[in-house]
Amino acid sequence: MPFFSKLTHLNSYLFLLIAVAAAVIPQEAHNSDIICSPEDTSDCYPAEFIPTFDWQVIREGQVIPPGLDVRLDWQTGVKSAKIGDPADSGKVVVNDVVVHDIVETEEGKVVNYDNLQDIDDADDEEINALKMAVQKSEAKMELDDALNFISSGMYTDQAQLIDSLDSLTEHSHSLNDGVTISEPAVMNQLLTLAFSNQYSNKIKELSLRVIAQSLRHNPEAVLNVDFTQVLPSLLSNIASQSDAILQKRLLGVVSSLIQNENNAKEFITSNGRETLLNTFPRLQSDSKIRSLEILDDLSSHGLLKRDSDSEFSGALFKTVQDTLSGGSVEDDNTLETVFDKLVQMKKDDRSLKTDPKFLEWLAQEVETRKLSKRDEADEELHKKLLEARHAVFGNPMAMRKANYDEF
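Residues numbered from 1 in each chain as written. Predicted model: local features only at pLDDT ≥ 70, side-chain atom pairs only at ≥ 80, totals over all residues. Heavy atoms only, no water.

The name given to the protein chain in an unreviewed UniProt entry is Nucleotide exchange factor SIL1, with Cyberlindnera fabianii as the source organism. As recorded by UniProt, the Subunit (unreviewed entry) comment attached to the protein chain reads in full: "Interacts with KAR2." Regarding the protein chain, the relevant UniProt record gives this comment under Sequence similarities (unreviewed entry): "Belongs to the SIL1 family." (UniProt positions renumbered as here; feature names shortened; annotations may be inferred.)

Set out below in structure tokens:
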């Protein structure tokens, strides 16, 4: 039988069985915790799955109590659960053969796939395909567990909270999973974790990373977020945050959300640009660059009126000059990026005023680099500073003499 035919035949029987050691006693659902299908409002069921000793289909949105056997039909995607035998803990079954087993080794618990060889007529290629199918199904179940835990809002177990956020981080790059993560039941809890002072910076950072990654280049996911509700907390946290990593993550969320034109307009009218401008001098290097990228993205939407944009450009031009001349940019990569932005702004609008303190800093920077030993990258930056000093911010006729002096 050809490989794909045999694989289809095997997949028709494929299901996963993951049994956790502790058995769960059936319990009654709370009448107030009801989920109704959006397609048929008469089709309602308990929000908490009520287990029995027989397989039952797990409905969409139901929370699964711990300690159950869970089975996934690989072809249909239907999940079922029941109270199981504690002896089956950690096993996955294909065609009545245990193909995935958790075994103890000196390094700890590992997955054993040795019994895949026991499936009749399965060659190495089929075994690898089945192994990938099992791993993909496990990843789906891992995502569901993480989503259920985060949406529950019950975070007494900090280790489980971090594990769940780690799991969502891995899945947040997928467009489909990103849409799922952006649903209000999960996203609202992630925002609470990101903005509440009761959680550690590690939990805040992981939450912000999940949010930003699930929304990035994912228009459908962005539409799930009520930007008008989120924006005040975002701006408040950006204005007050001093941690370098959290600054970067907060700006990453903003960057993802303002790709939507309506969100960009809301950001502008809520003085979001002014918040970035006011915090720019104290932002860490990566966040300075990200702020400038956000401002460029906002301009690309074409929403700005000429008068207000001109006024803001003047304020930004002065702030960037002050940041450079004040010495708050420490690494050359950030210095070059910020300087390039300044040069481009001046080329686009010659009416922007160059500050004497900035010219003094630029002259000193050029002289210092001229006297120091430079590698290829340093040489390129030195040349850029030298040329801009005269051609952009000074007297272009002085450029010839400056080049002569270099030799």
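The next subject is the overall build of the protein chain. The helix and strand inventory of the protein chain stands at 17 helices and nine strands. Sorting the 407 residues of the protein chain into buried and exposed places 42% on the buried side. Accessible area for the protein chain stands at about 22,200 Å²; split by element, carbon and sulfur atoms hold 49% of it. (Helix = DSSP H or I, 4+ residues; strand = E, 2+ residues; numbered from the N terminus. Buried < 20%, exposed > 50% of the residue type's maximum accessible area, 1.4 Å probe, protein only. Areas by Shrake-Rupley, 256 points an atom, 1.4 Å probe, with all protein chains shown as cover.)

A word on the nonpolar core. Core analysis: the biggest nonpolar cluster contains 76 residues, and I150, L324, F339 and F393 have the highest contact counts within it. Setting aside chain neighbours within four positions, we find I150 in contact with Y155, L161, S164, L165, L168, V186, Q189, L190 and L193. Formed by seven residues, the second largest nonpolar core is a distinct cluster that contains I64, L68, V70 and A81. (Core = buried A, V, L, I, M, F, W, Y, C linked by side-chain atoms within 4.5 Å. Contact = heavy atoms within 4.5 Å.)

Glancing now at the state of the cysteines. A full pass over the atoms with the stated rule returns one disulfide. Covalent S-S linkage joins C36 and C44, the inter-sulfur distance amounting to 2.0 Å. Between C36 and C44, the S-S torsion sits near 100°, and that sign places the bridge as right-handed. When its relative accessible area of 37% is taken as the criterion, C36 is described as partly exposed. (Disulfide = S-S within 2.5 Å.)

A word on unusual backbone geometry. One non-glycine residue, H217, lies in positive phi territory at about 55°. Positive phi outside glycine occurs at N271, with the angle close to 60°. When you line up the elements, N271 lands in the loop between α10 (261-269) and α11 (272-279).

Okay, the pattern of salt bridges next. A full pass over the atoms with the stated rule returns 11 salt bridges. Here D144 and K79 are joined by a salt bridge, their closest N and O atoms 2.6 Å apart. Note that D144 is positioned in helix α2 (residues 124-152) and K79 in strand β6 (residues 79-83), a separation of 65 residues in sequence. Here E336 makes a salt bridge to K384, at a shortest N to O gap of 2.7 Å. (Salt bridge = Lys/Arg side-chain N within 4 Å of Asp/Glu carboxyl O.)

Taken together, the side chains of E142, D145, D157, D163, D166 and E170 make up a negatively charged region of the molecular surface. By residue number, the principal contributor to the negative patch is helix α3 (residues 158-171), which donates three residues. Along the polypeptide, D163 turns up in helix α3. Among the residues examined, D163 registers a relative accessible area of 51% and is labelled exposed. (Patch = residues over 30% accessible without salt bridge, like charges linked within 9 Å, V, L, I, M, F, W, Y side chains within 5 Å. Lys, Arg positive; Asp, Glu negative; His and termini not counted. Charge placed at Lys NZ, Arg CZ, Asp CG, Glu CD.)

Within the secondary structure layout, N263 lies in helix α10. The exposure class assigned to N263 is buried, which follows from its relative accessible area of 9%. Reaching out from N263, the side chain makes a polar contact with the backbone oxygen of L257 at a distance of 3.0 Å. With residues near it in sequence (within four places) discarded, N263 still touches V222, F227, L257 and I258. (Polar contact = N/O pair within 3.5 Å; in protein donor to acceptor, adjacent residues only side chain to side chain.)

Direction vectors running N to C along helix α6 (residues 201-215) and helix α9 (residues 244-257) enclose 20°, while the axes themselves pass 8 Å from each other. By the angle between their directions, the pair α6 and α9 is classed as roughly parallel. Here α6 and α9 pass one another in a crossing that is left-handed. For the pair α6 and α9, the contacting residues are N201, K204, E205, L208, R209, I211, A212 and L215 in the first and I245, L246, R249, L250, G252, V253, S256 and L257 in the second. In the contact of α6 with α9, the residues fall into nine nonpolar, three polar and four charged. (Axes fitted to C-alpha atoms, helices over the stretch in contact; angles between N-to-C directions. Parallel < 35°, antiparallel > 145°, perpendicular 65-115°, else oblique. Left-handed = near helix turned anticlockwise from the far one by under 90°. Nonpolar A, V, L, I, M, F, W, Y, C, P; charged D, E, K, R; others polar.)

Note: α-helices contain 3.6 residues per turn, so residues at a spacing of three or four share the same orientation. With 14 residues, α9 ought to run about 20 Å at 1.5 Å a step, and its terminal C-alpha atoms sit 20 Å apart, in line with that. Considered for burial, the residues of α9 that qualify are L246, Q247, L250, L251, G252, V253, V254, S256 and L257. Between the side-chain oxygen at the start of α9 and the backbone nitrogen of I245 there is a gap of 3.1 Å, and the oxygen is on D243. (Expected span 1.5 Å × (residues − 1).)

Our next topic: the environment of I83. Its place among the elements puts I83 in strand β6. Assessed through its relative accessible area of 4%, I83 is described here as buried. With 32 residues separating them in the primary sequence, I83 and P51 have C-alpha atoms 6.2 Å apart.

In this structure the tally under the stated criterion is five aromatic pairs. Centroid distance F149 to Y155: 5.7 Å. Interplanar angle 55°. Geometry classified as tilted. When its relative accessible area of 8% is taken as the criterion, Y155 is described as buried. Here K82 stacks its cationic end above the ring of W55, 5.1 Å away from the centre of that ring. Lying across the ring of F312, R273 places its NZ or CZ 4.1 Å from the centre. (Phe/Tyr/Trp six-rings, centres within 6.5 Å; stacked < 30°, edge-to-face > 60°. Lys NZ or Arg CZ within 6 Å of the ring centre and 35° of its normal.)

A few words now on the confidence of the model for the protein chain. Of the residues in the protein chain, 71% have a pLDDT of 70 or more, and the chain-wide mean is 79. Residue range residues 107-113 is modelled with pLDDT below 50. Its contacts to residues more than four positions away, or to other chains, number 21 contacts. (pLDDT = per-residue confidence, 0-100.)

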